[in-house]
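Residue-level structural notes
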Amino acid sequence: MAITDIKEYAHLTEEDVEALGRELDAIRLDIEEKRGAHDARYIQRTIAFQRSLMVAGRIVLFASKKKPAWILGTALLGAGKIIENMELGHNIIHGQWDWMNDPEIHSSNWEWDNTCPSSGWKHSHNFTHHKFTNIVGLDNDVGYGIMRVTRDQKWHADYLFQPITNFVLATLFEWGVALHHLETDKLRKGEVKWSEKSEMAKDVGKKIARQVTKDYILFPALTGPAWKTTLTANVVANLIRNYWSYAVIFCGHFPDGAEKFTLEEFENESRAQWYLRQMLGSANFHAGPVMAFMSGNLCYQIEHHCFPDLPSNRYSEIAVPLRDLCDKYDLPYTTGPLWKQYGLTLRTIWKLSLPNRFLSASQDDAPETHSELKFRIRGGIKEVFGVDPQTGKRRGLRTAIAMVSS
């Protein structure tokens, strides 16, 4: 089962957790005090660069009947759409740049290049996902209502097809985001009535019409005789954006080590415990400056979940003291190469398509979902933790995981 007592699972006392929370608050305050002209120039230049890519791509596609022009134009559009969705849309809508008081670069005004309206994304992502991160039954992003990513989700026959479902979701990711906002899984199960979603559905329909008109009618038509090749370029550019966005998001939430939590854990949660849940429920992947930029700096998913409204260009800076805190409190800092994180995610999706009786490991000690019971069933482990009287170092969750894994 998922974690029901985060303090026990993390091998921390209540005092430890509150002290960790204060140190994370101090990191937030430090970054807030540092924000200024440097950060403003960063986001302004990013916007200018992204728009330049889109304009260049549209111009090149006037010659899209020639294969080199088609390839170049498609690549420019794909890169521009990735940057707009990841580093601009996602982060601006989070309010990361609201402190600038620039009406253009503000969460209340930015409309991104996606079939889901930004207003809907604010609710389904900013509120629901970031408040209830990885809480089974509250966070709709746990499997997105169509896939089983923890054994806490009861198996049913539809999950046998989730390897295919996963591929379709990756291919049509922006459409999946729009449907996810409408909570179509709950509509299908009868948990929500269509009448309750009518206004929301109208907003999504208008946004879809706008996106389809722009990408598949207007811009192809503008290129005249090259409209067919421009249309295929736009389709492929959207596929490039969809696959990359999907990979980044899934690698931040579903590799081994990105834990799940129960409603019992959430009910009496303090601010410090919320921080701890974000740290234990998220995963990073290794990235250099270019990949970090193209991922919207969501290669730092742990930092993002702790500080979703701080500027994304600061996450690499935040990562340094946050990793130091993980060392200090002996907590895992879940990260790895992108290929490995996605491989672990894919393994979970394929494996959990099957009923539990076909799976190895227990429900409390499976790679994709741990709980505090993982340690209880081994007996005696808890007694060796705390501060080592000889070295003065804390022996906590990271050491415990290493012990039970050996």
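Residue indices follow the written sequence of each chain, beginning from 1 at its first position. Owing to the predicted nature of the model, reporting of local features is limited to residues with pLDDT of at least 70; listing and counting of side-chain atom pairs is limited to 80 or more, with chain, interface and lining totals taken over all residues. The side-chain numbers reported here are obtained from all heavy atoms of the structure, hydrogens and water having been left aside.

Considering the overall build of the chain
- A run of H or I in DSSP becomes a helix once it reaches four residues, and a run of E becomes a strand once it reaches two; helices and strands are each numbered from the N terminus. Counting secondary structure elements, the chain contains 18 helices and 4 strands.
- Here the radius of gyration uses the C-alpha set of atoms, whereas the globule reference equals 2.2 Å times the residue count to the power 0.38. The C-alpha radius of gyration of the chain comes to 22 Å, within 12% of the 22 Å expected for a compact globule of 406 residues.
- Across its three principal axes, the chain shows a C-alpha extent of roughly 75 × 55 × 40 Å.
- Considering only residue pairs separated by 6 or more positions, the chain has 71% of its internal contacts joining residues 24 or more positions apart.
- Separation between the mean location of the 48 positive side-chain charges and that of the 49 negative ones in the chain comes to 8 Å. Residue contacts are defined here by distance: any two heavy atoms, one from each residue, within 4.5 Å place the two residues in contact. Only four residue types enter the charge count: Lys and Arg as positive, Asp and Glu as negative, with His and the chain ends excluded. One atom stands in for each charge, and that atom is NZ of Lys, CZ of Arg, CG of Asp or CD of Glu.

Comments concerning a nonpolar patch on the surface
- Think of a patch as exposed residues, more than 30% relative accessible area, with no salt bridge, where like charges cluster within 9 Å and nonpolar side chains (Val, Leu, Ile, Met, Phe, Trp, Tyr) cluster within 5 Å. Note on areas: these come from Shrake-Rupley sampling with a 1.4 Å probe, and a residue is covered only by the protein chains present in the view. Salt bridge, as applied in this entry: a Lys or Arg side-chain nitrogen positioned within 4 Å of an Asp or Glu carboxyl oxygen. On the surface, a cluster of nonpolar side chains totalling about 890 Å² of accessible area is made up of Leu160, Phe161, Ile164, Phe167, Val168, Leu172, Tyr243, Leu354 and Phe358.
- Tallying contributions element by element places helix α6 (residues 162-171) first for the nonpolar patch, with 3 residues.
- Considering the arrangement of structural elements, one finds Phe161 in the loop between α5 (118-131) and α6.
- For every residue, the accessible area (1.4 Å probe, protein chains only) is compared with the maximum for its type, and the residue is labelled buried under 20%, exposed over 50%, or partly exposed between those bounds. For Phe161, a relative accessible area of 52% gives the class exposed.

Section: the state of the cysteines
- The definition used for a disulfide is geometric: two cysteine sulfur atoms within 2.5 Å. A complete count under the given rule lists 0 disulfides for this structure.
- Among the cysteines around Cys251, which has no disulfide bond, Cys299 carries the closest sulfur, lying 11 Å off.
- Of the residues examined, Cys251 reaches a relative accessible area of 0% and is grouped as buried.

Notes on the UniProt feature "domain: Fatty acid desaturase" (unreviewed entry) in the chain
- UniProt positions are given in the numbering used here, feature names are shortened, and annotations may be inferred rather than shown by experiment. Per the UniProt record, the feature "domain: Fatty acid desaturase" (unreviewed entry) sits at residues 69-335.
- Annotated as residues 69-335, this span is 59% helix and 0% strand, and its ends, taken at the C-alpha atoms, are 38 Å apart.

Quick notes on the nonpolar core
- By nonpolar core we mean a set of buried residues, namely Ala, Val, Leu, Ile, Met, Phe, Trp, Tyr and Cys, connected to one another through side-chain atoms within 4.5 Å. Leu24, Phe250, Leu276, Met279, Phe307, Leu322 and Leu331 are the most contacted members of the largest nonpolar core, which totals 85 residues.
- Ranked by the residues each element gives to this core, the list is headed by helix α4 (residues 67-93), at 8 residues.
- Grouped together as the second largest cluster of nonpolar side chains are 5 residues, Met54, Leu77, Ala233 and Ala237 included.

Examining the packing of aromatic side chains
- Side-chain rings of Phe, Tyr and Trp, where Trp is taken by its six-membered ring, are said to pair if the distance between their centres is within 6.5 Å; with planes under 30 degrees apart they count as stacked, over 60 as edge-to-face, and otherwise as tilted. Summed over all chains, the structure comprises 14 aromatic pairs.
- The interplanar angle of 80° and the centroid separation of 5.9 Å between the aromatic rings of Phe127 and Phe132 together place this pair among those described as edge-to-face.
- Residues Tyr144 and Phe250 carry aromatic rings whose centres are separated by 5.6 Å and whose planes lie at 5° to one another, so their mutual orientation is stacked. Of the two residues, Tyr144 is situated in the loop between α5 and α6 and Phe250 in helix α10 (residues 227-253); the sequence distance between them amounts to 106 residues. Taken individually, Tyr144 and Phe250 each receive the classification buried, so the pair is uniform in this respect.
- An aromatic cluster is built from Tyr144, Phe173, Tyr246, Phe250, Phe254 and Tyr342, whose rings are joined through pairwise contacts.
- We call a charge positioned above a ring when the Lys NZ or Arg CZ atom is no farther than 6 Å from the ring centre and deviates by at most 35 degrees from the ring normal. Directly above the ring of Phe219 sits Arg58, whose terminal nitrogen or CZ lies 3.8 Å from the centroid.
- Over the ring of Tyr275 we find Arg271; its NZ or CZ atom is 4.6 Å from the centre of that ring.

Quick word on the packing of helix α7 (residues 173-181) against helix α9 (residues 198-222)
- All axes are obtained by fitting lines to C-alpha atoms, using only the stretch in contact for helices, and the reported angles, taken between N-to-C directions, cover 0 to 180 degrees. The interhelical angle for the contact between α7 and α9, taken along N-to-C directions, is 165°, at an axis separation of 10 Å. Between α7 and α9, the interaxial angle falls into the category roughly antiparallel. For the pair α7 and α9, the sense of crossing is right-handed. In this structure, α7 contributes Glu174, Trp175, Ala178 and His181 to the contact, and α9 contributes Met200, Val204, Ile208, Gln211 and Val212. An angle below 35 degrees is read as roughly parallel, one above 145 as roughly antiparallel, one from 65 to 115 as roughly perpendicular, and any other as oblique. Note: crossing handedness is left-handed where the near helix turns anticlockwise from the far helix by less than a right angle, and right-handed where it turns clockwise.

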